[in-house]
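Fold and geometry: a report
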Amino acid sequence: MARGAFGRSDAEIDLLVRGMRSGIAVVGFGYIGTVIGAVLADRGWPVVGIDVRDSVVDDINSGRTNVPEPGLGELVANGVRAGRLRATADYGVIAENDFIIVTVGTPLGPDYEPIVDDIKAAARAVAQHLREGHLVILKSTVPPDTTEKIFLPILEETSGLRAGVDFGLAFCPERLAEGQAIREFLSIPIVIGAVDERSARACATLWRHALGLESIVVEDPRTAEMVKLADNLWIDLNIAMANELAKVCDRLGMDVLQVIGAANSMPKGSHNVNILSPSMGVGGYCLTKDPWFVNHLGETLGLDLQVPRTSRTVNDTMPGYTYGLLTQLLADQGKTIEDSKIAVLGIAFKNNTGDCRLTPTKYVVSLLEESGCQLCVHDPWVPEDEAHTVTSVPLSPDIESAVKDADALVVLAGHREFHQTPLVRLADLAADRCVFLDGRNSFDPAAARAAGFVYKGIGR
Ligand SMILES: NC(=O)c1ccc[n+]([C@@H]2O[C@H](COP(=O)([O-])OP(=O)(O)OC[C@H]3O[C@@H](n4cnc5c(N)ncnc54)[C@H](O)[C@@H]3O)[C@@H](O)[C@H]2O)c1
């Protein structure tokens, strides 16, 4: 049995990690856990995923994953085939590993508050097998103080060991995004907030050798916890601004992407202005909840924060706004939604992923279903069972059957596959004066118009 990474000299940890003479247990083998585990296994580490869902454990041990992330299935299959990746529901395996990474979910509660029950359960289960020398890294997105005031006391009380003395403990936010998760996990700088300096050093050594990444070590876990929330609040607010600029540009008949492209050339501080892109909505597991974590934090501190509520509220208007654009575009062609055939292309929450968690496309699709239109839905990334969470309409097997005789094409996720069929071919298949509503601004307006479509983007 390994002696553990924590509490050794820097040189010993360096040797242990460099030679990969240690294992990594990843607790919570969902979207993030599977990406982390599969990448580390691909880089030569023995990895065991621990999950309470039997289906996840069975899938992984058969070399499969249903996490819809590009390239992940291959990494999982290779890792399992090479004997470096496996999964279990038995926390007992923790004793055989030096590093424990916790990536369980932290959903939003009914009052827009963070639910950290899975963090508590994972802490209790990990603690039963904790021993001297372990380094525990929490990666779930949590409100400040969760690591030290919730996670740490459970670990210590259950195990009888002390953090920073007997075992190491750090919080490292996970900042990757779906769709490019593997690349981002291997490139985004790591932030470490540890309970003591030795935990921080052991953690930085792991990431340096495991991923080739240097770490930014901040004061303590609570600072690192706040870093993640700050990142996602910035993204959500920035997109909200882009979305409101798009609404203004729609009224003024301008192209918002030209405005943003030129605006972003201005240097400000140490970087340029960096306005992100407008779209038909913001979804997914993180941006829809992390600003609410900040809002809830403000409430607990007696602060009436405006920014998180504003970003969430603005972005939540976009599906309804998109549906309004469609109604208007059809009316301009002398058509009504209820008498039209509408082809929705893409229902995942973002381009080039099959992830439908909290997808804004669901609201547009629901409005279309209620409208009485003839609805076709096509998404090559989304499996049929996942599609049921968004629509009751069975998915069309290919883009051509979805688009045939359509009065409107509504792109809600701009998957790369949609660009493989020539626009002129789609226009031939569609009805006359077919509307092309590009909810992700992923097509060239001039090309779509040249093909014969009545094109409209969000803000262009
Ligand atoms: N999805 C993203 O893109 C993303 C990005 C950055 C950070 N995060 C954060 O990472 C965390 C995980 O997100 P996710 O998308 O992987 O969630 P997920 O729901 O896909 O995965 C969580 C997994 O944990 C398992 N689990 C729950 N309780 C457990 C327990 N006690 N022991 C073992 N396993 C348990 C669940 O069965 C599930 O498989 C969240 O805090 C999230 O906010 C997510």
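Residues numbered from 1 in each chain as written. Predicted model: local features only at pLDDT ≥ 70, side-chain atom pairs only at ≥ 80, totals over all residues. Heavy atoms only, no water.

All told, the structure shown has one cavity of 30 Å³ or more when counted by the stated rule. Taken as a whole, the largest cavity encloses approximately 60 Å³ of empty space. Among the residues forming the lining of the largest cavity, the class breakdown is six nonpolar, no polar and four charged. (1 Å grid on protein atoms, 1.4 Å probe; cavity = no way out; pocket = protein on both sides within 12 Å on 5 of 7 lines; lining within 4 Å. Points joined across faces, edges and corners; volume = space filled by probe spheres on them. Nonpolar A, V, L, I, M, F, W, Y, C, P; charged D, E, K, R; others polar.)

A word on the sheet that holds strand 13 (residues 408-411). Taken in spatial order, the five strands of this open sheet run 12-11-13-14-15, and their pairing is parallel. Each end of this open sheet is capped by a strand with a single partner; those strands are strand 12 (374-378) and strand 15 (454-457). Neighbour-to-neighbour, the strand axes of the sheet open up by a mean angle of 15°, direction not taken into account. (Pairing = 2+ DSSP bridges. Helix = DSSP H or I, 4+ residues; strand = E, 2+ residues; numbered from the N terminus. Axes fitted to C-alpha atoms, helices over the stretch in contact; angles between N-to-C directions.)

Moving on, we come to the site of the ligand. In the vicinity of the ligand, 28 residues are found, and the nearest of them are D51, R53, Y91, T106 and K289. Between the ligand and R53, the relevant distance is 2.6 Å, taken from an oxygen atom to a side-chain nitrogen or oxygen of the residue. When the free accessible area of the ligand is taken as 830 Å², the share hidden by the protein chains comes to 91%. When each cavity is represented as a set of grid points, the ligand is found to reside in the largest pocket. Broken down by element, the shell around the ligand gets its largest block of residues, three residues, from helix 5 (residues 117-127). Of the residues in the shell around the ligand, the class split is 13 nonpolar, seven polar and eight charged. (Near = heavy atom within 4 Å. Polar contact = N/O pair within 3.5 Å; in protein donor to acceptor, adjacent residues only side chain to side chain. Areas by Shrake-Rupley, 256 points an atom, 1.4 Å probe, with all protein chains shown as cover. Sits in = over half its atoms within 2 Å of the grid points.)

Side chains I24 and V26 project from strand 1 (residues 24-27) onto one buried face, and the interleaved A25 and V27 project onto a second face that is buried too. Bridge analysis of strand 1 against strand 2 (residues 47-50) gives four bridges, and the strand direction is parallel. Residue pairing across strands places V26 opposite G49, the latter belonging to strand 2. Crossover connection from strand 1 via helix 2 (residues 31-42) to parallel strand 2: handedness right-handed. (Buried < 20%, exposed > 50% of the residue type's maximum accessible area, 1.4 Å probe, protein only. Right-handed = clockwise from strand over helix to strand, strands pointing away.)

Quick look at the packing of aromatic side chains now. This structure, assessed with the given rule, holds six aromatic pairs. Arranged with centres 5.0 Å apart and planes meeting at 65°, the rings of F436 and F443 form a pair that is edge-to-face. Each member of the pair, F436 together with F443, is buried. Ring centres 5.7 Å apart and planes at 35° place the aromatic pair F436 and Y455 in the tilted group. Here Y455 lies in strand 15 and F436 lies in strand 14 (residues 435-438), a separation of 19 residues in the sequence. Here a set of aromatic residues connected by ring pairs shows up, and it is made of F436, F443, F453 and Y455. One Lys or Arg, K247, reaches over the ring of Y321 and ends 5.3 Å from the middle of that ring. (Phe/Tyr/Trp six-rings, centres within 6.5 Å; stacked < 30°, edge-to-face > 60°. Lys NZ or Arg CZ within 6 Å of the ring centre and 35° of its normal.)

Below, the discussion takes up the pairing of strand 4 (residues 99-102). Each regular strand shows side chains that alternate between the opposite faces of the sheet. Residues of strand 4 alternate between two faces, with F99 and I101 on one and I100 and V102 on the opposite face, all of them buried. With four bridges joining them, strand 1 and strand 4 adopt parallel strand pairing. Looking across to strand 4, one finds that V27 is bridged to V102. Pairing analysis gives four bridges linking strand 4 to strand 5 (residues 135-138), with the strands arranged parallel. The partner of F99 across the bridge, within strand 5, is L135. The parallel pair strand 4 and strand 5, bridged by helix 5, forms a crossover whose chirality is right-handed.

Any functional reading would require information beyond the geometric quantities listed.
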